[in-house]
Amino acid sequence: MAAEEREIPRGPLSDDETCALAETLLGRSDRDAAALVVRMAAESNGNPYLLGELLRAAQEGTAGLGSEGFTLDSVLHARVARLPEDARGVALLSFSATS
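Reading guide: rules and limits
Residues numbered from 1 in each chain as written. Predicted model: local features only at pLDDT ≥ 70, side-chain atom pairs only at ≥ 80, totals over all residues. Heavy atoms only, no water. Helix = DSSP H or I, 4+ residues; strand = E, 2+ residues; numbered from the N terminus. Buried < 20%, exposed > 50% of the residue type's maximum accessible area, 1.4 Å probe, protein only. Contact = heavy atoms within 4.5 Å. Core = buried A, V, L, I, M, F, W, Y, C linked by side-chain atoms within 4.5 Å. Expected span 1.5 Å × (residues − 1). Axes fitted to C-alpha atoms, helices over the stretch in contact; angles between N-to-C directions. Parallel < 35°, antiparallel > 145°, perpendicular 65-115°, else oblique. Left-handed = near helix turned anticlockwise from the far one by under 90°.

Enquirer: What is the right way to look at the overall build of the protein in this model?
Expert: Assigned secondary structure in the protein consists of five helices and zero strands. Along the protein, helices and strands appear, N-terminal first, in the series α-α-α-α-α. Among the 99 residues that make up the protein, the fraction classed as buried is 24%. When contacts within the protein are restricted to residue pairs at least 6 apart in sequence, those whose partners lie at least 24 apart make up 33%.

Listed below in structure tokens is the structure:
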């Protein structure tokens, strides 16, 4: 018996799907969580990987809620800043190569 072939769509998640995934993974549904979910959904643009990074930062308390607001850029900068010096240098070098 031959295996059935199926195509799985790889586009971005819809806003509703992104919010539902974020709320489920965050594990909270209070008012503060709802506001955070909406911000994460907007910032991730439906990309599940980026949503995961934002969720991790929120759960670790490093969500980048500074003066610039909750942004993927601030979350990634905070994460890179916590890397050991050698790894941080490689990460910064790769960032500058893609800019």
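Enquirer: So what exactly am I meant to see when it comes to the nonpolar core here?
Expert: A general tendency of soluble globular proteins is for nonpolar side chains to be buried together. Of all hydrophobic cores here, the largest spans 13 residues; its most connected members are L26, M40, L54 and F70. Contributions of two or more residues to this core are made by α1 (15-26), α2 (31-44), α3 (48-60) and α4 (72-81).

Enquirer: Explain α1 to me, please; I cannot follow it from the model alone.
Expert: Because an α-helix packs 3.6 residues into every turn, residues spaced three or four apart end up facing the same way. Its 12 residues give α1 an end-to-end C-alpha distance of 16 Å, which sits within 8% of 16 Å, the value for a rise of 1.5 Å per residue. In the core, the buried residues of α1 are packed alongside α2 and α3. Downstream of α1 by one or two residues, G27 has phi in the positive range, about 75°.

Enquirer: Where do I start with the packing of α1 against α2 in this structure?
Expert: When two helices pack together, their arrangement is given by the angle between the helix axes and the distance between those axes. Interhelical geometry of α1 versus α2 gives an angle of 130° and a closest axis separation of 9 Å. In terms of their interaxial angle, α1 and α2 are classed as oblique. Remark: the crossing between α1 and α2 carries right-handed chirality. Residues T18, C19, A22, E23 and L26 of α1 touch α2, and the partners they reach there are A33, L36, V37, M40, A41 and S44.

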